[in-house]
Amino acid sequence: MTTAQAQAGKAAKSLLTPTNHTLILIDHQPQMAFAVRSMDVQELRNNVTALAKSAKVFKVPTVLTTVAEKSFAGPLFPELQAVFPELKPIDRTTMNTWEDERVTDVIKKHGKKKLVFAALWTEVCGVGPVLSAIEEGYEVYFVADASGGVSTIAHDVAMDRMVQAGAKPITWMQYLLELQRDWARGATYDAVTGIAKQHGGGYGLGIIYAKEMFGAKEGTQEKSK
């Protein structure tokens, strides 16, 4: 008589991993942020910075873009540029990033079939490349809380349109934890919890509290009796 061994289930192929996608951050610039009304601008800045730090920790290929930087919209958020000091944003004139050959050349060079986008504004610079990438056969994810529109309805309708076309909506915290996936992955544990503590609101505060009060740490298990 044989005893069947317990086996772990397989992770869904639709889940993001550090090696299966490229992150594209579009037009996180002052002039674009001034008109955002779908969320608080300070929260937007916090979220997109956390998103960028998440990608940096897991060495995800990242593309930064701006629109009319010198003549209209201004430089990339300084805290975002600070995460990737080595990356020069690709400055465009076209509202649809996908119509700039320099951008698509870089994306194709990275060779990933999954793309993760965040953009200002959702309804213009988000919708354009998302729909274009989907039509070219990419699997697309859109980070809703690292993007913003000129009104709540503008953002929401744009999200609906992208989802109807096949895009997958996510949040920056979901992105971070999806890449970590297992708290036993010690190489990135401190960096991931560090991002959560700095940018994750109540969740981050909970990590600080548990560590200071009980020496608690995710990824540890009690031994079976």
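Residues numbered from 1 in each chain as written. Predicted model: local features only at pLDDT ≥ 70, side-chain atom pairs only at ≥ 80, totals over all residues. Heavy atoms only, no water.

Visitor: Where do I start with helix 5 (residues 101–110) in this structure?
Guide: Side chains that are three or four residues apart share a direction in an α-helix, a result of its 3.6 residues per turn. Residues of helix 5 that are buried: V103, T104 and I107. Buried residues along helix 5 cover an arc of 90° about the axis, so they all sit on one side. More than 90 degrees from the buried face of helix 5, the exposed residues found are E101 and K109. Where helix 5 is buried, its residues contact strand 1 (21–26), strand 2 (62–67), strand 3 (90–92) and strand 4 (114–119). Looking one or two residues past helix 5, G111 carries a phi angle of roughly 75°, positive in sign. (Buried < 20%, exposed > 50% of the residue type's maximum accessible area, 1.4 Å probe, protein only. Helix = DSSP H or I, 4+ residues; strand = E, 2+ residues; numbered from the N terminus. Arc of directions from axis to C-beta. Contact = heavy atoms within 4.5 Å.)

Visitor: When you look at the sheet that holds strand 1 in this model, what are you seeing that I'm missing?
Guide: Across a sheet, strands are paired by hydrogen bonds formed along the backbone, either parallel or antiparallel in direction. As summarised here, the arrangement of the six strands in space is 3-2-1-4-5-6, forming an open sheet in which the pairing is parallel. This sheet does not close on itself; its edge strands, each paired only once, are strand 3 and strand 6 (168–170). On average, each strand axis in the sheet is inclined to that of its neighbour by 25°, with strand direction left out of account. Those strands touched by helix 6 (residues 122–135) are strand 1, strand 3, strand 4 and strand 5 (139–143), and its axis lies near 170° from that of strand 4. (Pairing = 2+ DSSP bridges. Axes fitted to C-alpha atoms, helices over the stretch in contact; angles between N-to-C directions.)

Nothing here speaks to function; it is all geometry.
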